[in-house]
Amino acid sequence: MSSSDIFIGETIGTAILILLGGGVCAAVTLKASKARNAGWLAITFGWGFAVLTAVYISGPLSGAHLNPAVTVALAIKDGAWTNVPTYIAGQLLGAMIGAALVWVTYYGQFHAHLTDKEIVGGPGAQATTAKAVEAQEKGAGPVLGVFSTGPEIRNVVQNLATEIIGTVVLILAVLTQGLNDKGNGLGILGGLITALVVVSIGLSLGGPTGYAINPARDLGPRIVHALLPLPNKGGSDWSYAWIPVVGPLIGGAIAAGIYNVAFA
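What counts and how
- Residues numbered from 1 in each chain as written.
- Predicted model: local features only at pLDDT ≥ 70, side-chain atom pairs only at ≥ 80, totals over all residues.
- Heavy atoms only, no water.
- Helix = DSSP H or I, 4+ residues; strand = E, 2+ residues; numbered from the N terminus.
- Rg over C-alpha atoms; globule rule 2.2 N^0.38 Å.
- Areas by Shrake-Rupley, 256 points an atom, 1.4 Å probe, with all protein chains shown as cover.
- 1 Å grid on protein atoms, 1.4 Å probe; cavity = no way out; pocket = protein on both sides within 12 Å on 5 of 7 lines; lining within 4 Å.
- Points joined across faces, edges and corners; volume = space filled by probe spheres on them.
- Nonpolar A, V, L, I, M, F, W, Y, C, P; charged D, E, K, R; others polar.
- Axes fitted to C-alpha atoms, helices over the stretch in contact; angles between N-to-C directions.
- Parallel < 35°, antiparallel > 145°, perpendicular 65-115°, else oblique.
- Left-handed = near helix turned anticlockwise from the far one by under 90°.
- Contact = heavy atoms within 4.5 Å.
- Buried < 20%, exposed > 50% of the residue type's maximum accessible area, 1.4 Å probe, protein only.
- Salt bridge = Lys/Arg side-chain N within 4 Å of Asp/Glu carboxyl O.
- Core = buried A, V, L, I, M, F, W, Y, C linked by side-chain atoms within 4.5 Å.
- Expected span 1.5 Å × (residues − 1).

J.: I'm lost on the overall build of the chain in this one. Help?
T.: Secondary structure summary: the chain contains 12 helices and 0 strands in total. Walking the chain from its N terminus toward its C terminus, one meets helices and strands in the order α-α-α-α-α-α-α-α-α-α-α-α. A globule of 264 residues ought to have a C-alpha radius of gyration of about 18 Å, and the chain, at 18 Å, matches this closely. Dimensions of the chain along its principal axes, counting C-alpha atoms only, are 60 × 35 × 30 Å. As displayed, the chain offers around 11100 Å² of accessible surface, 67% of which is attributable to carbon and sulfur atoms.

J.: Just checking my understanding: could you explain the layout of surface pockets for this structure?
T.: A probe matching the size of a water molecule, rolled over the atoms, marks out where space remains unfilled. Its boundaries defined by the atoms lining it, the second largest pocket holds a volume of some 240 Å³. Put simply, the parts of the chain that give the lining of the second largest pocket at least two residues each are helix 3 (68–78) and helix 4 (84–105). Among the elements that make up the lining of the second largest pocket, the one with the highest residue count is helix 3 (4 residues). The class makeup of the residues in the lining of the second largest pocket is 8 nonpolar, 6 polar and 1 charged.

J.: Before we go on, may I ask you to explain the packing of helix 11 (residues 215–227) against helix 12 (residues 243–262) in this structure?
T.: Pairs of packed helices are described in terms of their axes, by the angle between the two and the distance that separates them. Orientation of helix 11 relative to helix 12, taken along the N-to-C sense of each, is 165°, at an axis distance of 8 Å. Considering the angle they form, helix 11 stands roughly antiparallel to helix 12. When the axes of helix 11 and helix 12 are compared, the crossing they make is left-handed. Only Pro244, Val245, Pro248 and Leu249 of helix 12 make contact with helix 11, whose side of the interface consists of Pro215, Asp218, Leu219 and Arg222.

J.: I keep staring at the side chain of Gln91 and nothing clicks. Help me out?
T.: Tracing the sequence through the fold places Gln91 in helix 4. Judged by its relative accessible area of 0%, Gln91 falls in the buried class. Leave out the neighbours within four places in its chain, and Gln91 touches Glu10, Thr14, His65, Leu66, Asn67, Pro68, Thr71 and Ala216.

J.: I would appreciate a short explanation of the pattern of salt bridges in the present structure.
T.: Pairs may arise between side chains of opposite charge once their charged atoms sit close together. Evaluation of the coordinates by the stated rule reveals 4 salt bridges. Across the pair Arg222 and Asp218 runs a salt bridge, and its minimum N-O distance is 2.7 Å. Note that Arg222 and Asp218 are positioned in helix 11 at a spacing of 4 residues, about one turn of the helix. Accessibility classification places Arg222 together with Asp218 in one group, the buried group.

J.: Would you explain the nonpolar core in this entry?
T.: Generally speaking, nonpolar side chains in soluble globular proteins are found buried as a group. Among the nonpolar cores identified, the biggest contains 54 residues, and Phe110 and Phe147 are the most heavily contacted of them. With 8 residues, helix 9 (residues 156–178) is the largest single contributor of residues to this core. The residues contacting Phe110, other than those within four sequence positions of it, are Leu30, Val102, Trp103, Val143, Val146, Phe147 and Leu230.

J.: When you look at the environment of Leu227 in this model, what are you seeing that I'm missing?
T.: Counting through the fold element by element, Leu227 comes out in helix 11. Placed 123 residues apart in sequence, Leu227 and Val104 show a C-alpha to C-alpha distance of 14 Å.

J.: Help me understand helix 12 in this model?
T.: Given 3.6 residues per helical turn, the α-helix brings residues three or four places apart onto the same face. With 20 residues, helix 12 should cover 28 Å at 1.5 Å per step; its first-to-last C-alpha distance of 28 Å lies within 8% of that length. If you check which residues of helix 12 are buried, you get Ile243, Pro244, Val245, Gly247, Pro248, Gly251, Gly252, Ala255, Ala256 and Tyr259.

J.: What is the right way to look at the packing of helix 1 (residues 3–29) against helix 4 in this model?
T.: Interaxial distance between helix 1 and helix 4 falls to 6 Å at its minimum, and their mutual angle equals 35°. Crossing of helix 1 against helix 4: the hand is right-handed. Across the contact of helix 1 with helix 4, the residue classes break down as 14 nonpolar, 11 polar and 1 charged.

Shown next as structure tokens:
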């Protein structure tokens, strides 16, 4: 694979991943969405199908890493670091493009949600679940969860550990079951297996932090949230932002180490 193929494939694939994954979060969260309040099952399966679609689209070009934790784990496994910056650059750009496309798709719903007094407060506002969640997630605006993750309980050690554990499960599944014949990315069957593992992680381990398990998936959309001209959008919660970046990278490195010791 050439550097241009890698960059284009990762940009397109990660954009699709975030468009569909962020899209299901928007669908469940925003007022005037037909899927509002569809719940956690919709989100977990939506993200799983997002992974499946993105892998099948980008796999022929780049091997469909779509996640810096996957890229770092494969580099540790094989000792090949040359293309790591190209992969991560494409992933971050793609994540930002995907987040912007979610905003375009749900433009009217964002405006309706963020101008509703029950959501953002103001004269005559009522206490709502949304306001309670916003208050609990200090520094997070009412639609930040559409773009990036946040903890239900703020405990740095627990939040970091949760992201590490979830990512270890993901990367071990990729390394043992998901790789294509060349071993440099996800294969056709591996994409399906990985998508199902993502659903499993979301259902079982996603409750505490929203399971970023992917630095680009969280950081790129968080940057877009900070830049978009959304009314009453609130903060982007930068004090938490390092956890869904550092945690998955640590988890990917640990998983690669386990693979090299136990499976290689």
